[in-house]
Amino acid sequence: MTEDALIPAGALRSTPGQVSPGAAPAAPGAGTLLRLLRDGRPRTRSELAGVTGLARSTVTQRIDALLAGGLIGPAGEAASTGGRPPTTFAFVPSARVVLAADLGATAARLALTDMAGQVLAETHDDLDIADGPVNGLDWVIDHGRMLLHRAGRSEKDVLGVGIGLPGPVSYSTGRAVNPPIMPGWDDFDVPGYIEQRFAGPVLVDNDVNIMALGEHFARWRDASHLMFVKVATGIGCGIISDGGVYRGAKGAAGDMGHIQVPHGAGHPCRCGNTGCLEAVASGAAIAAELAGQGIEARTALDVVELARSGSVAALLSLRQAGRDIGEVLAASVNMLNPSIIVIGGSLALAGDHLLAGVREVIYQRSLPLATEDLRIVSSQMGERAGVIGAAVMVIEYGLSPERIDALVSGG
């Protein structure tokens, strides 16, 4: 097994710089050594020199820089082959912490993690995203400081902040773009607002993208191609391709909730069109349908409670919603050929009826080769998927070789 094979797929993805044609590649820096050590296996200076091709003296310089930054530490001694046993070094995930927020339409969750994505402290609360960016981001700031205090950490320990928003986000700027359920958020400078309170980079993405990243990181690292479908107040899809989030040209990839479905005619959608998948199969749509039958239901969670209590109408609606979602996903399976489809969001908490409907149509309508090894499963991370993904987004960026090289060199 190669050294690169030991690194989780997508866990160390970064954007490489441009290299002039014919230019010799730069010698591996401290960031490359840290990348190797992040797999959790301690190594000696000699092992690192053998893997990287660097001189022993250069490796020692790189190791000293990482030790000074607290990013690695001594991890005991290797077996001696004669003479003094060599010291091994290992990554120290606790050296920095990450604040990770998942802001939904009506609720928010915030976690403090280490640099391995392990949750150290977390909190959640009701939060109406329609109350505007200042209200939502102040909640993140105030509760972020509370979590740091609870964990005995300070703001200088923060590697960065990751935030997921329930609407279209330009990943390059961290700003929401015409979000339909987020009044006041359009083009608001989310990174700039947070950076006034916390040091380190602030990364912002669509909530479904970070949920896909979190589910992939925590449960499906061996799957290079995964789709995460969130079915809640709305419907969205996060796409993992070749181990990394696929966002498309402008960050709009995966917005499957606004694809028209065959029997959706006459159903108005909040996007301004009619017949969208979200208008017939989301939690809000099902709740409205049940309310029209005289059943008390206003939200996706009301639908979940009805299903858990055995409401036949709710169960039938969930099964049909699954079929409608399956219609859209069947085309996506033929086009993208994922190996895993994960169904999450609040409606996934209602049991297997939604999932059964999705499976029924996908296996019926997608090509046999595309479904030969396809697994369609419920989310295993549940409500934590978003904050784990937001943390991983920051970790990938903050620990990229380029960032670490700049950090240890004082840049």
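Since the model is a prediction, treat every value here as computed from it, not as a measurement.

*Asks:* Describe the pattern of salt bridges, naming the residues involved and giving the relevant values.
*Replies:* Applying the stated criterion across every chain, the model contains 17 salt bridges. Here Arg-43 makes a salt bridge to Asp-39, at a shortest N to O gap of 2.7 Å. A salt bridge links Arg-319 to Glu-360; the nearest nitrogen and oxygen atoms lie 3.3 Å apart. Here the residue Arg-319 occupies a position in helix α10 (residues 312–336), and Glu-360 occupies one in helix α11 (residues 353–365), the gap between them amounting to 41 residues.

*Asks:* Describe helix α9 (residues 300–308), and please don't skip the residues or the numbers.
*Replies:* Among the residues of α9, those classed as buried are Ala-300, Val-303, Val-304, Leu-306 and Ala-307. For α9, the angular spread of buried residues about the axis comes to 165°, placing them on one side. For α9, the secondary structure elements touched by its buried residues are α8 (283–292) and α10. Looking one or two residues past α9, Gly-310 carries a phi angle of roughly 95°, positive in sign.

*Asks:* Which residues make up the sheet that holds strand β5 (residues 107–114), and what values do they have?
*Replies:* Across the sheet, which stays open at both edges, the 5 strands sit in the order β6-β5-β4-β7-β10 with mixed pairing between neighbours. The open sheet has two edge strands, β6 (119–126) and β10 (202–206), and neither has a second partner. The sheet shows a mean angle of 15° between the axes of neighbouring strands, direction not considered. Bridge count for strand β7 (residues 158–165) against β10 is 5 bridges, and the pairing is parallel. When the bridges of β10 are listed, Leu-165 appears paired with Asn-206. Of the strands in this sheet, β4 (97–103), β7 and β10 are in contact with helix α6 (residues 207–219), which crosses β10 at around 100°.

*Asks:* Please give an account of the side chain of Asp-157 that cites residues and values.
*Replies:* With respect to the helices and strands, Asp-157 occurs in the loop between α4 (133–150) and β7. A relative accessible area of 14% places Asp-157 in the buried class. Excluding residues that lie within four positions of it along the chain, Asp-157 makes contacts with Arg-96 and Val-97.

*Asks:* Account for the sheet that holds strand β1 (residues 43–44), naming residues and giving values.
*Replies:* The sheet built from 3 strands is open, its strands ordered β1-β3-β2 with antiparallel pairing. Whereas interior strands pair on both sides, the edge strands pair on one side only; in this sheet they are β1 and β2 (72–77). Sheet topology note: the β1/strand β3 (residues 87–91) ladder contains 2 bridges and is antiparallel. Directly across from Arg-43, in β3, lies its bridge partner Phe-89. Across the sheet, helix α1 (residues 30–37) is in contact with β1, β2 and β3; its angle to β3 comes to roughly 85°.

*Asks:* Before we move on, could you go through the packing of helix α2 (residues 45–52) against helix α3 (residues 56–68) and cite the residues and values that matter?
*Replies:* Put simply, α2 and α3 touch, their axes get as near as 9 Å, and they point 110° apart. Viewed along their axes, α2 and α3 adopt a mutual orientation that is roughly perpendicular. The way α2 lies across α3 gives a crossing that is right-handed. Contacts between α2 and α3 pair Arg-45, Ser-46, Leu-48, Ala-49 and Thr-52 from the former with Arg-56, Val-59, Thr-60 and Ile-63 from the latter. Across the contact of α2 with α3, the residue classes break down as 4 nonpolar, 3 polar and 2 charged.

*Asks:* Give a detailed account of the packing of α9 against α10, specifying residues and quantitative values.
*Replies:* Packed helices, taken two at a time, are described by the angle their axes make and the gap between the axes. Two elements in contact, α9 and α10, have axes whose closest approach is 7 Å; the angle formed by their N-to-C orientations is 115°. Note that α9 runs across α10; the crossing there is left-handed. Listed contacts from α10 to Val-303, Leu-306 and Ala-307 of α9 are Ala-314, Leu-315 and Leu-318. Class assignment of the residues belonging to the contact of α9 with α10 gives a composition of 6 nonpolar, no polar and no charged.

*Asks:* Describe the packing of aromatic side chains, listing the residues and the values that go with them.
*Replies:* Scanning the model with the defined rule gives 1 aromatic pair in all. Ring centres of Phe-188 and Tyr-193 lie 5.8 Å apart, and the angle between their planes is 55°; this geometry places the pair in the tilted category. What makes Phe-188 partly exposed here is its relative accessible area of 21%. Geometry around Phe-198 places Arg-145 over its ring, the cationic atom sitting 5.9 Å from the centre. The ring centre of Phe-217 lies 4.0 Å from the NZ or CZ of Arg-221, which sits over that ring.

*Asks:* How would you sum up α10? Please name residues and give values.
*Replies:* With 25 residues, α10 should cover 36 Å at 1.5 Å per step; its first-to-last C-alpha distance of 35 Å lies within 8% of that length. Of all the bends found along α10, the most pronounced is centred on Val-328 and spans about 30°. Following α10 by one or two positions, Asn-337 has its phi on the positive side, about 55°.

Calculation notes
Residues numbered from 1 in each chain as written. Predicted model: local features only at pLDDT ≥ 70, side-chain atom pairs only at ≥ 80, totals over all residues. Heavy atoms only, no water. Salt bridge = Lys/Arg side-chain N within 4 Å of Asp/Glu carboxyl O. Helix = DSSP H or I, 4+ residues; strand = E, 2+ residues; numbered from the N terminus. Buried < 20%, exposed > 50% of the residue type's maximum accessible area, 1.4 Å probe, protein only. Arc of directions from axis to C-beta. Contact = heavy atoms within 4.5 Å. Pairing = 2+ DSSP bridges. Axes fitted to C-alpha atoms, helices over the stretch in contact; angles between N-to-C directions. Parallel < 35°, antiparallel > 145°, perpendicular 65-115°, else oblique. Left-handed = near helix turned anticlockwise from the far one by under 90°. Nonpolar A, V, L, I, M, F, W, Y, C, P; charged D, E, K, R; others polar. Phe/Tyr/Trp six-rings, centres within 6.5 Å; stacked < 30°, edge-to-face > 60°. Lys NZ or Arg CZ within 6 Å of the ring centre and 35° of its normal. Expected span 1.5 Å × (residues − 1). Bend = angle between axes of the 7 residues up to and from the residue.

Interpretation note: all reported values are geometric properties and have no functional meaning in isolation.
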